[in-house]
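Architecture at a glance
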Amino acid sequence: MFFELIGTIVAGAAAALIVWAVNRTLKGRLPKWLVPAAAGAAMLLATISSEYGWYGRTTANMPQGLVVAQTVEEQAFYRPWTYARPFVSRFVAVDQASLRTHPEQPARRIVDLVFYGRWARTAKVPMLFDCAKAQRADVVDGIEFGTGGDVLNADWRAVAADDPVLKAACEEV
């Protein structure tokens with residue numbers, strides 16, 4: 001975040017300097033308000049570019065085995081350009097390399113979900129999926145794994161069969 005702020009300030013200063021140099025070359029023929037307007041426009045464009053580029057930069061640097069399962073696009077009234085094209089503000093990735101199953105319960109899997117957010121810390125959360133019944137359960141304190149792959153004290157929640165996170169978790173690697 002700090003580096004983005006510095007980049008935005010540098011973009012504004014560079015644009016102001018370029019307009020100032022052009023105005024000096026033209027011997028003051030440009031209006032005086034053009035220098036701060038160019039600085040402001042450059043800072044706004046740098047911010048917009050950073051917002052829209054965040055998702056691509058983040059997914060390009062993800063470790064092998066992570067698959068993006070679901071994205072959340074954002075629109076805001078104080079960012080009017082997002083109504084024309086929303087930007088991805090957060091997403092969920094499934095760490096398929098962390099897949100764990102029990103030989104007697106192949107339809108049940110534990111995978112790590114990685115939650116990425118534009119201005120938030122990355123969080124890794126283990127999640128239990130029942131691919132046959134389209135259910136998921138949080139792996140929390142109190143959950144027990146019995147013999148034969150039984151899961152005790154799990155709070156199972158039904159999810160749609162076409163849920164993208166369920167599909168990514170149940171996909172054969």
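Quick caveat, the model's predicted, so the values are computed rather than measured.

**Remarks on the state of the cysteines**
All told, the structure shown has 1 disulfide when counted by the stated rule. Disulfide pairing is shown between Cys131 and Cys170; the S-S distance is 1.9 Å. A torsion of -90° about the S-S bond marks the disulfide between Cys131 and Cys170 as left-handed. One end of the pair, Cys131, is in the loop between strand E4 (120-130) and strand E5 (135-138); the other, Cys170, is in helix H4 (residues 164-170), and 39 residues separate them in sequence. Among the residues examined, Cys131 registers a relative accessible area of 24% and is labelled partly exposed.

**Some points on the nonpolar core**
Membership of the largest hydrophobic core comes to 13 residues, with the highest contact counts inside it found for Val94, Val111, Leu113, Phe129 and Val165. If you list the elements that add at least two residues to this core, you get strand E2 (87-102), strand E3 (105-117), E4 and H4. A total of 5 residues in this core trace back to one element, the largest contributor, which is H4. Residues contacting Val94, with those up to four places away along its chain left out, are Gly65, Leu66, Val67, Ala69, Val111, Asp112, Leu113, Val165, Ala168 and Ala169. Met62, Val88, Ala93 and Val114 belong to the second-largest nonpolar core, a separate cluster that totals 8 residues.

**Examining the packing of aromatic side chains**
What the rule picks out here adds up to 6 aromatic pairs. Where Tyr52 meets Phe87, the ring centres are 5.9 Å apart and the plane angle is 70°; that geometry is what we call edge-to-face. Of this pair, Tyr52 sits in helix H2 (residues 34-60) while Phe87 sits in strand E2, and the two are 35 residues apart along the sequence. There is no split in this pair, since Tyr52 and Phe87 are both buried. Taking 5.4 Å as the distance between ring centres and 85° as the angle between the ring planes, the aromatic pair formed by Phe77 and Tyr78 counts as edge-to-face. Residue Tyr78 is classed as exposed on the basis of its relative accessible area of 53%. Feature note: the residues Trp54, Tyr55, Phe91 and Tyr116 constitute an aromatic cluster, connected by ring pairs. The aromatic ring of Trp119 is capped on one face by Arg118, whose charged end is 4.4 Å from the ring centroid.

About the cut-offs
Residues numbered from 1 in each chain as written. Predicted model: local features only at pLDDT ≥ 70, side-chain atom pairs only at ≥ 80, totals over all residues. Heavy atoms only, no water. Disulfide = S-S within 2.5 Å. Helix = DSSP H or I, 4+ residues; strand = E, 2+ residues; numbered from the N terminus. Buried < 20%, exposed > 50% of the residue type's maximum accessible area, 1.4 Å probe, protein only. Core = buried A, V, L, I, M, F, W, Y, C linked by side-chain atoms within 4.5 Å. Contact = heavy atoms within 4.5 Å. Phe/Tyr/Trp six-rings, centres within 6.5 Å; stacked < 30°, edge-to-face > 60°. Lys NZ or Arg CZ within 6 Å of the ring centre and 35° of its normal.

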